[in-house]
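Here is what each chain is made of, one letter per residue.
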Amino acid sequence: MTENRPAKPQAGRHNLDPHLDRYAARTAGMTASEIRALFAVASRPEVVSLAGGMPNLAALPLDTLSAQVAEIIADEGLVALQYGSAHGIPTLRDQICEIMALEGIKAHPDDVVVTVGSQMGLDMVTRLFCDPGDIVIAEGPSYVGALGSFAAYQAKVVHVAMDDQGLVPEGLREALRQAEKSGRRVKFLYTIPNFHNPAGVTLAVERRAEIVEICREHGVLIVEDNPYGLLGFDGQTYPALRSMDPDNVVYLGSFSKTFASGLRVGWVLAPHAVREKLVLAAESATLCPPTFNQMIVSRYLATHDWKGQVKKFRENYRERRDAMLSALNQYLPPGCSWTMPEGGFYVWVTVPEGVDTKAMLPRAVTARVAYASGTGFYADGYGSRQMRLSYCYPTPERIREGVRRLAAVLESEMDLSRTFGSVKARTISGPETPSPDTV
C-alpha cells in the first residue's frame, strides 16, 4: 500500500474485487472486527457463548408492548410511518433529558439529537472532529465499535492505562504531554466511565473532576459514552462527566441496554454549536431516525414503570455476574486474574504469560465455548493475554458450564506452553500500557 490507499493487485494475479482501485483512501482502515467474526460460530446452540454483549430481553413485558405498538399504528400511524425530523421527536427528547437528570445532567431538549443507536452518534462525532492523522485518546482496552469508527476516519488511537478505579489521570496527562511534544493534535478523549466495555471497571468519582480539568487545561474535548450507567447492581448512579463541564463534553446515550436493542434508538447531547452540525450530519447519514421506533420508546417511557423494569434488568444481570465470578473462582487455574464489575455486562480476564487468547480461540470454539480475545479491544495489537467474558445473555447454568469448558482449554494451553516454551507477550510502558491486568 502507498499513500494510505488500498493496495493494487500485483501483475499476474487475478483480483477478486474489480473495484479495489476505486475505493477512497479511508477504506484502508475498514476491517471486520474480531467480535463480529465470532457471531457465526458463537450462535450455534451447542456453543456456550461468553463473547457477545446481547442484552437479555426475557424480562420485558412483551404483551403490554405489543398492545402499545398496535395502539400507535391505530391512533398515530400516519405520523409514525412518515418521515420525521433529523433532530428526533420532541416528546422523546424531553424524556431523554429527564433520564439524564438521574446522573446530574441539566440539559435542554434542543441540544439532544436522537440517533439510530449510540453507535451512529459516535460515528458522527468522529466524522465531525477527526481529520486523517488526528489523535483520539481512549482507555486501553476500549470498545471495539469505537475503534472501528476511529479507524474508518483514519484517526490514530493512543491508549491510556486503567486500573481497578478506571482511567488513570496521570496516564492521561502523560499522553497529552507526549502528543503536544510531538506536535500532533488530540481531538478528543473517548471514555466509557461506567461499567466499562470491555474492562468492567468504573471510573472512581474522585477522579472524574480531575479528568475533566485535565482535558479543559489541554483544550481537549471529552466524548462520554454511557450505555450502562443505569445498570449498577446496587442501584447507584454516578455523576456524569457532562454534568461537570457541559461546554466540553459530548454525551452518548442509548436505550439498547435499558429497553430494546433492536429498536436502535440512542442519542447525543452536545454543546449547542456542535448540535447544529450533528443534525446536519444525521440528515446526510439517514435523513431522519425512524419515527415509529422513537414513538415506541416514548410510549413505553410514558406508560410503563421503566425504572422498575431497569431494576429487573439489574437483578437479572447481577445474578449472572455472580455466577460468572463464582465459576471463575472455582475453575480457572492459578495465575489468572479478573475484574470485579459492579454493573454492566463484562468481566475482563488476564491469563498467565505464555498463553495467547487469540490463538487459543479456535480451540475454545472446538470445545464449544466462545469468548472475545483481548486483541480486538486495542488499536495496536495488544491484549493477547486478555479476554472479555460476557455474562449478560446466558443463563447462570450455561455460564458455569461455559467457564468450566474454558478452564479446560486454558489448562491445555498452559501445558503446551510449559512443554514447548511460552510466546512472550508484547509489553509497553507509559500511557499505552494495556490494562487492567489485576483486580
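Right above here is the structure, for reference.
So, here's what we can say about the structure. (Residues numbered from 1 in each chain as written. Predicted model: local features only at pLDDT ≥ 70, side-chain atom pairs only at ≥ 80, totals over all residues. Heavy atoms only, no water.)

A few words on the packing of helix H2 (residues 62-80) against helix H11 (residues 291-303). A pair of packed helices can be characterised by two numbers: the angle between their axes and the separation between those axes. For the pair H2 and H11, the least separation of the axes is 10 Å and the interaxial angle reads 130°. Taken together, the axes of H2 and H11 are oblique relative to one another. By crossing handedness, the relation of H2 to H11 is classed as right-handed. Facing H2, whose interface residues are Leu65, Gln68, Val69, Glu71, Ile72, Ile73, Glu76, Val79 and Ala80, H11 presents Thr291, Phe292, Met295, Ile296, Arg299, Tyr300 and Thr303. For the contact of H2 with H11, the residue count by class is ten nonpolar, three polar and three charged. (Axes fitted to C-alpha atoms, helices over the stretch in contact; angles between N-to-C directions. Helix = DSSP H or I, 4+ residues; strand = E, 2+ residues; numbered from the N terminus. Parallel < 35°, antiparallel > 145°, perpendicular 65-115°, else oblique. Left-handed = near helix turned anticlockwise from the far one by under 90°. Contact = heavy atoms within 4.5 Å. Nonpolar A, V, L, I, M, F, W, Y, C, P; charged D, E, K, R; others polar.)

Glancing now at the nonpolar core. If you look at the biggest cluster of nonpolar residues, it comprises 70 residues, and the most contacted ones within it are Phe255, Phe259 and Leu328. The element contributing the most residues to this core is helix H12 (residues 306-331), with nine residues. Look past the residues within four positions of Phe255 in its chain and what remains in contact with it is Leu92, Ile96, Ile99, Ala260, Val265, Trp267, Val297 and Leu301. Residues Val113, Met124, Phe188 and Val274 belong to the second largest nonpolar core, which totals 28 residues. (Core = buried A, V, L, I, M, F, W, Y, C linked by side-chain atoms within 4.5 Å. Buried < 20%, exposed > 50% of the residue type's maximum accessible area, 1.4 Å probe, protein only.)

Spatially, eight strands are ordered S2-S9-S8-S7-S6-S3-S4-S5 in an open sheet, and the strand pairing comes out mixed. In the strand order of this sheet, the two ends are held by strand S2 (112-115) and strand S5 (166-167), each with one partner. Pairing of S2 with strand S9 (residues 266-269) involves four bridges; the strand directions are antiparallel. Residue Thr115 lies in a different strand from S9, and its bridge partner there is Gly266. (Pairing = 2+ DSSP bridges.)

Under the 1.5 Å per step criterion, the end-to-end length of H2 is only 20 Å for 19 residues, more than 12% shorter than the ideal 27 Å. The largest bend along H2 reaches roughly 65° and is located at Ala74. Considered for burial, the residues of H2 that qualify are Leu65, Gln68, Ile72, Gly77 and Ala80. Buried residues in H2 make contact with helix H9 (256-260) and H11. (Expected span 1.5 Å × (residues − 1). Bend = angle between axes of the 7 residues up to and from the residue.)

Further remarks concern the packing of aromatic side chains. Here the structure, examined in full by the defined rule, presents twelve aromatic pairs. For the pair Phe150 and Tyr190, a centre-to-centre distance of 5.6 Å together with 75° between the ring planes defines the contact as edge-to-face. Placement of the pair is Phe150 in helix H5 (residues 144-152) and Tyr190 in strand S6 (residues 186-191), with a sequence separation of 40 residues. Summarising the burial analysis for this pair, Phe150 and Tyr190 share the class buried. (Phe/Tyr/Trp six-rings, centres within 6.5 Å; stacked < 30°, edge-to-face > 60°.)

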